[in-house]
Amino acid sequence: MEALPSLARLLLALTIFSSLSLLACSSSLQDLQIANAERRIDVTSHIIKVFLTLKVENTGTSPVSEVLLAFPPTQVDHIASLKAAVTIGKKKKKSYVPLEVNPTELPDAPNGTKYFKILLLNPLSAGETATLEVLYILTHSLEPFPAEISQSESQLVYYRDSAIILSPYYIKQQTTFIRTPSTKVESFTRVEPTTRAGTELKYGPYKDRPAYSYSPVLVHFENNSPFAVVEELVREVEISHWGSLQITEHYTLAHAGARHKGVFSRVDYQGRSSGVSSFKHLLARLPPRVHSVFYRDQIGNISSSHLRTDYRRTDLEIEPRYPLFGGWKATFLIGYGLPLQDFLFESPDGRRYLNFTFGCPLADTVVDKLTLKVVLPEGSKDPSAVVPFTVQQHLETKYSYLDVVGRTVVVLEKKNVVPEHNSPFQVYYSFNPVFMLAEPLMLISVFFFLFMASVAYLHVDFSISK
Amino acid sequence: MEGSETSNGTTLRNAFGNVLSFFILILIGVLAFSIRLFSVIKYESVIHEFDPYFNYRVTQFLTKNGIYDFWNWFDDRTWYPLGRVIGGTVYPGLTLTAGTLWWLLNSLNIPLSVETICVFTAPIFSAFTSWAAYLLTREVKGAGAGLTAAALIAMVPSYISRSVAGSYDNEAVAIFALVFTFYLYIKTLNTGSLFYATLNALAYFYMVCSWGGYTFIINLIPMHVLMCIVVLGTLLAALVPVVGFNAVMTSEHFASFLVFIIIHVVAFVHYIKGVLAPKMFKVAVTLVLSIGVIVCCAVIAVLVALVASSPTKGWSGRSLSLLDPTYASKYIPIIASVSEHQPPTWPSYFMDINVLAFLVPAGIIVRFQSSNRMLFTLSDASSFVILYIVTSVYFSGVMVRLMLVLAPAACITSGIALSEAFEVFTRSIKFQLPGLQGISPVKAEETSSDSTVPLNEVPKTDKSGETLKERPSRKNRKKEKEPVEKPSIKARIEKKLLVLPLEGSVLAIFLLVLLGAFYVVHCVWAAAEAYSAPSIVLTSHSHDGLHVFDDFREAYAWLSHNTEVDDKVASWWDYGYQTTAMANRTVIVDNNTWNNTHIATVGTAMSSPERLLGKFSTHWM
């Protein structure tokens, strides 16, 4: 008998709470509106870059400290990176201040819309406006159609999006530009006014669209840029306090474009300019002062690569063993050494830290799964990693040359990595230089005992009878 | 050390000589290893050719799955749809050696890949071979000749051709096993020690594990007679699955058993002779002989019937083609079609063993001559070496491939010849220049090392007899050494009269050094240019630099990444092994020749017009 009132009370509390929170949310949603939105979608390569400029206006009464971005659920899985910045100053003295962006949930999201929350530096008080610059990267969002092409055909793809920006806010005026790699556009959905000029497709301007307006568009166009996808990349950075940093990178590369159909003709490939959708060259940007670069795979050296060095950076141009057509795969391995003093530093508290670049050195590639292993020298303690975005972390132990206790390995894992993730990260650890002497001393003592044993053997008489 | 206290000076000189020869041996090992690295430097660290890829794949399997799985391995990736029992049809010596090396290094946390180990197995073992050749020649002639032979074998082109880095084939370890078995055999002969006999049997076992060429040993040694190796060795040989009961069944092994029986009969007769009175002995002889002859006739009749009933007379095809060079081309064209089974041409002798071809006869003469000095008979060791060189010259004449067996023999005899020549010339110089006593002047690196050591030979071997552990056998050694010491003193007095003119000796030494230099230049050239190509990568020089043709691996890599795992590759003979190893796909035929019908079918399919191919493909699918 007592359970019922308590349950009723709980229900009541819940209802009040949820209605309150809804009120709070919707109040902030209704407070804001977007005065002007401009979206530029760059589909020239398989990595789609979307630049979004939002002029946000607070029409409510209370200050607002966060702005929401909405994405359809099909698109949100393909977002590799999302950055936002606020513009400060006028035309000439314009500067951008990066803002924090976090994924968030709303209770009444229509059709499973996903949200990202941009935290403003200063709350936007009533009547004020702010200009936000948002850049987000989409991967695996171009669908090849036809899905299978022969060697001589060029590759056509679909891009799906909405002509009207999906937003939880009321948008006064908006325009969307889609830039295609060539003028060859098979078809596109018209949502008037729609104009096409050269390689640019313009949707809009649309005026006074309510929140959550959506108008799907489909663009079918030619895209022969290399669809280079690294399905798995394992980078291993091994620190040796004897003065070198050894990096080994294992790649599983695939062509994610339209699948190759029929036979491959080498004569056509080399003679005529067929196989436009395939790719042969890859460019890896390595740090300056690399040495002992190697490029090989399981069955030996791959003898087609060029290395160009200057004092700022190193360009390694590699060719897989065979040109990659749609659906084809290749694995290879790149390794190089770097001088330690460029990357290893001592922090004020006496700990050491490695400052190295996250991401994949190959230009214009998507990495589906990146595993970065930092192998610390034997005897180092309390490792900790500082990475500018969320990654999965765990520790491993690796046994390398003459190790006794093994080396601590900091493993960082991230999915869907694009070139925008090539930013520095740090791994801190404490290390006693005495450990550097362990292995040489071990070798010295082994040889010493070997010689002592042979001296002893030569001087001792082992025979049974005299 | 306390034994040879003849004078302080000699001990010091012995010690110096020992240390010097030790360092020379280490340098020879380094030389043998590094001359084979041309392939790695000019090309890359990769497995060469065809068979090595199979061995590499087997080694990978061994390191991954352990020895028991390896022993029972049925490989369904080759000879589709037949498959192949790998564990029972390979010589496991090489694989086990590399597998053990890998395991050892990895247990010390030295993470070298299986491929690296396989690439460098052959150079490592050629260093071992040169040390084994040193030991063998030291037993036959002396330390000086040993060092010369070791230096020669370290860079003999014939051996280099089969043991450059990456040439991961049976011969790589088998030549070491061969030379080492011979060394232990002669050591056993010289010492009579059971310890060495057992070691010998083990070395023979290793040889059987490694290469089909073990039949050479088992036939050569019986010609030279020793029992221990036959009994123990055969039992151990029977343990290797490829050999199996062939060890007692095929005619190739008859020589050893025949000798074994004869030895026992002779020993038994001697024993009876000692036990019985002369008269009784005569009676017994007639009795035994009459029974024996009957039994023998019966046994021989049975054997002949058995042997005659089998089509190849109990001999395997390859061996028959050795004894009768025309056999293969008549009956087994598939063996004859392999180029390495063809008889060599004269230039290939010069290419492969170079100046050694001229030095070998000199070496043989030296052996006869030195034997003549003592009791006008060949010593056991010398006669063995002569037998070895004569048989191997014959075999190499039949098959190019067996040039490899000739190479160590040629090196050993030429080493003996060279060292003897240097000894004679330096001695005659020394006697004519009374001012120069003791250590002869240093003329060239080679001359000094070769000439100083032979002078120390007698005391030195004595000392090593002290320090080595077979003290019980020392008496035997002493006995054997005594005749050497006495004649050498006599010979020294005689030699005073037999000196050659000074100018002549100097000139001759100069010419010999020149000859050696020519040999070295030729060997380095052969190693760098002729034998280092891995044959999966081709290069060509053109006006705009080096061109690399890497098409084979391009195809294999494509196959391995872009076809289904259980796809079948209709490969032809040559590249079957490479396809299974590099592309990891099932092949229909590979380089192994165990089913001629299958090869013939694939051959027909490949030479048929395209429209008929469907018939064959249904045959296999």
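Just so it is clear, the model here is predicted, and its values are computed rather than measured. Sequence order as written defines residue numbering, which begins from 1 separately in each chain. Here every chain gets a letter starting at A, and every ligand a number starting at 1, in the order they are written. Per-residue local features of the predicted model are confined to residues with pLDDT of at least 70, and side-chain atom pairs are confined, for both listing and counting, to 80 or more; whole-chain, interface and lining totals are unaffected and use all residues. Heavy atoms throughout the structure, all of them, feed into the side-chain values; hydrogens and water do not.

(A) How the structure looks around the overall build of chain A. Helix and strand labels come from DSSP, where a helix needs a run of H or I of at least four residues and a strand needs a run of E of at least two; each type is numbered from the N terminus. Summing up its helical and strand segments, chain A has 4 helices and 31 strands in all. Taking 466 residues into account, the globule formula puts the C-alpha radius of gyration at 23 Å, and chain A, at 29 Å, lies well above it. With the C-alpha coordinates of chain A rotated into their principal frame, the extents come out at 110 × 80 × 60 Å. We call a residue buried when its accessible area falls under 20% of the maximum for its residue type, exposed when it is over 50%, and partly exposed in between, using a 1.4 Å probe and counting protein chains only. Split into buried and exposed, the 466 residues of chain A put 45% on the buried side. Taking the intrachain contacts of chain A between residues at least 6 apart in sequence as the baseline, contacts between residues at least 24 apart amount to 75%. Where accessible areas are quoted, they stem from the Shrake-Rupley method and a 1.4 Å probe; at the residue level, only the protein chains shown are allowed to cover. Only carbon and sulfur atoms are counted for the fraction: they give 58% of the accessible area of chain A, which is about 23800 Å². Taken over C-alpha atoms, the radius of gyration is set against a globule rule of 2.2 Å times the number of residues to the power 0.38. By the convention used here, residues are in contact when the closest approach between their heavy atoms is within 4.5 Å.

(B) Highlighting the packing of aromatic side chains. Each pair of aromatic rings taken from Phe, Tyr and Trp, with Trp reduced to its six-membered ring, is defined by centres within 6.5 Å and is described as stacked if the planes are under 30 degrees apart, edge-to-face if over 60, and tilted in the remaining cases. Considering all chains together, one arrives at 37 aromatic pairs over all chains under this definition. Measuring from ring centre to ring centre gives 5.8 Å for Phe358 of chain A and Phe425 of chain A, while their planes differ by 90°; the resulting arrangement is edge-to-face. A residue pair is termed long-range when its members are at least 10 positions apart, and Phe358 of chain A in the loop between strand E26 (352-357) and strand E27 (366-375) and Phe425 of chain A in strand E31 (residues 424-430) qualify at 67 residues. Considering the side-chain rings of Phe70 of chain B and Trp71 of chain B, the 6.1 Å spacing of their centres and the 65° angle between planes classify their relative orientation as edge-to-face. Among the residues examined, Trp71 of chain B registers a relative accessible area of 35% and is labelled partly exposed. Grouping aromatic residues by their ring pairs yields a cluster made of Phe264, Tyr269, Tyr322, Phe325 and Trp328 of chain A together with Trp558 of chain B. Against the face of Phe177 of chain A rests Arg40 of chain A, its NZ or CZ located 4.2 Å from the ring centre. In this scheme, the term charge over a ring applies when either NZ of a lysine or CZ of an arginine sits within 6 Å of the ring centre and within 35 degrees of the ring normal.

(C) Main features of the interface of chain B and chain A. Taken together, the 20 residues of chain B in the interface contact 24 residues of chain A. When chain B packs against chain A, the two sides together hide about 2000 Å² of surface, and 52% of this comes from carbon and sulfur. The quantity reported as buried area is the accessible area (1.4 Å probe) lost by two parts once they are put together, taken as the sum for both. Area buried by chain B at its contact with chain A is led by Asn109, Glu554 and His561 of chain B, which between them contribute 27% of it. Each reported salt bridge corresponds to a side-chain nitrogen of Lys or Arg within 4 Å of a carboxyl oxygen of Asp or Glu. In this structure, the connection of chain B to chain A is made through 3 salt bridges. Residue Glu115 of chain B is joined to Arg296 of chain A by a salt bridge in which the shortest nitrogen-to-oxygen separation is 3.3 Å. Throughout this description, a polar contact denotes any pair of N or O atoms lying within 3.5 Å of each other; where both atoms belong to protein, one of them has to be capable of donating a hydrogen while the other can accept it, and for residues adjacent in sequence the pair is counted only when both atoms sit in side chains. At the junction of chain B and chain A, the tally comes to 13 residue pairs in polar contact (both at pLDDT 80 or more). In this classification, Asp, Glu, Lys and Arg are treated as charged, Ala, Val, Leu, Ile, Met, Phe, Trp, Tyr, Cys and Pro as nonpolar, and every other residue, Gly included, as polar. Its residues placed into classes, the side of chain B that touches chain A shows 10 nonpolar, 3 polar and 7 charged.

(D) Representation of the side chain of Ser163 of chain B. All names here are of chain B. Looking at where Ser163 falls in the secondary structure, it is placed in helix H8 (residues 157-163). When its relative accessible area of 0% is taken as the criterion, Ser163 is described as buried. Within the structure, the side chain of Ser163 is placed 2.7 Å from the side chain of Arg36, a separation counted as a polar contact. Among the polar contacts listed, one links the side chain of Ser163 to the backbone oxygen of Tyr159, at a separation of 2.8 Å. Once residues lying within four places of it in the same chain are set aside, the contact partners of Ser163 are Arg36, Ala122, Pro123 and Ser126.

(E) View of unusual backbone geometry. Residues and elements named next belong to chain A. Of the consecutive residues Phe145 and Pro146, the connecting peptide bond is found in the cis state with omega at 0°. Residue Pro193 is bonded to the preceding Glu192 through a cis peptide linkage, with omega at 0°. Inspection of the secondary structure puts Pro193 in the loop between strand E12 (185-188) and strand E13 (194-197). Notably, Ser292 is not glycine yet its phi reads approximately 45°, a positive angle.

(F) Spatial organisation of the packing of helix H19 (residues 346-353) of chain B against helix H22 (residues 403-432) of chain B. Residues and elements named next belong to chain B. Helix axes use the C-alpha atoms of the stretch in contact, all axes being lines fitted to C-alpha atoms, and the angles between their N-to-C directions lie in the range 0 to 180 degrees. Relative orientation of the contacting elements H19 and H22 amounts to 50°, with a least axis distance of 11 Å. By the angle between their directions, the pair H19 and H22 is classed as oblique. Both H19 and H22 take part in a crossing whose hand is right-handed. Of the residues in H22, those in contact with Ser348, Tyr349, Asp352 and Ile353 of H19 are Met403, Leu406, Ala407 and Ala410. Broken down by class, the residue content of the contact of H19 with H22 amounts to 6 nonpolar, 1 polar and 1 charged. If an angle is under 35 degrees, it is roughly parallel; if it is over 145, roughly antiparallel; if it lies from 65 to 115, roughly perpendicular; otherwise it is oblique. Here a crossing is called left-handed whenever its near helix is offset anticlockwise from the far helix by less than a right angle, and right-handed whenever the offset is clockwise.

(G) Representation of the environment of Arg190 of chain A. By secondary structure assignment, the location of Arg190 of chain A is in the loop between E12 and E13. There is a polar contact of 3.4 Å between the side chain of Arg190 of chain A and the backbone oxygen of Thr194 of chain A.

(H) Focus on the domain arrangement of chain A. Residue and element names in this part refer to chain A. In this document the domain limits rely on a domain assignment from an automatic tool or a database. Domains assigned within chain A are domain 1 (29-222) and domain 2 (228-440). Spacing between the C-alpha centres of domain 1 and domain 2 amounts to 33 Å. With 23 residues of domain 1 in contact, the opposing surface of domain 2 contributes 28 residues. Taken together, both faces of the contact between domain 1 and domain 2 bury some 1900 Å²; the carbon and sulfur share is 55%. Where domain 1 touches domain 2, the interface holds 0 salt bridges. Viewed at the interface, domain 2 and domain 1 are joined by 11 residue pairs in polar contact (both at pLDDT 80 or more).

(I) Just the sheet that holds strand E7 (residues 129-138) of chain A, in detail. All names here are of chain A. If DSSP finds at least two bridges between two strands, the strands pair. Strand order in the open sheet made by the 10 strands is E3-E6-E5-E4-E7-E2-E1-E11-E14-E13, with mixed pairing throughout. Strands at the two margins of the open sheet, each flanked by one partner only, are strand E3 (64-71) and E13. Along the sheet, successive strands turn relative to each other by an average axial angle of 20°, direction set aside. In the sheet, strand E2 (residues 48-58) pairs with E7 via 10 bridges, with the strands oriented antiparallel. When the sheet's bridge partners are listed, Ile48 is paired in E7 with Leu138.

(J) Broad picture of the pattern of salt bridges. A complete count under the given rule lists 31 salt bridges over all chains for this structure. With a shortest N-O distance of 2.9 Å, Lys398 of chain A and Glu236 of chain A are connected by a salt bridge. Of this pair, Lys398 of chain A sits in strand E29 (residues 392-398) while Glu236 of chain A sits in strand E16 (residues 228-240), and the two are 162 residues apart along the sequence. A salt bridge links Asp550 of chain B to Arg553 of chain B; the nearest nitrogen and oxygen atoms lie 3.0 Å apart. For the pair formed by Asp550 of chain B and Arg553 of chain B, the shared burial category is buried.

(K) Main features of a nonpolar patch on the surface. A grouping of Leu287, Val288, Ile291, Val295, Val299 and Leu303 of chain B is seen on the molecular surface, where their side chains present a nonpolar patch of about 530 Å² in accessible area. Looking at the element boundaries, Val288 of chain B is found in helix H15 (residues 278-309). Patches here: salt-bridge-free residues with over 30% relative accessible area, like charges joined within 9 Å, nonpolar side chains (Val, Leu, Ile, Met, Phe, Trp, Tyr) joined within 5 Å.

(L) Quick peek at the pairing of E2 of chain A. Residue and element names in this part refer to chain A. Both strand E1 (residues 32-42) and E2 contribute to a ladder of 10 bridges, which runs antiparallel. In the sheet register, Arg40 faces E2, and the bridge partner there is Phe51. Here E1 folds back onto E2 in antiparallel fashion, the turn holding 5 residues.

(M) Looking closely at helix H3 (residues 51-71) of chain B. Residues and elements named next belong to chain B. In a regular helix each residue adds 1.5 Å, so 21 residues correspond to 30 Å; H3 covers only 19 Å between its end C-alpha atoms and thus falls short of that length. Bend is the name given here to the angle between axes fitted to two runs of seven residues, the run ending at a residue and the run starting at it. Taken as a whole, H3 carries its principal kink of about 120° at Asn65. For H3, the set of buried residues is Pro52, Tyr53, Phe54, Asn55, Tyr56, Arg57, Val58, Thr59, Phe61, Leu62, Thr63 and Phe70. Expected span of a helix: the number of residues minus one, times 1.5 Å.

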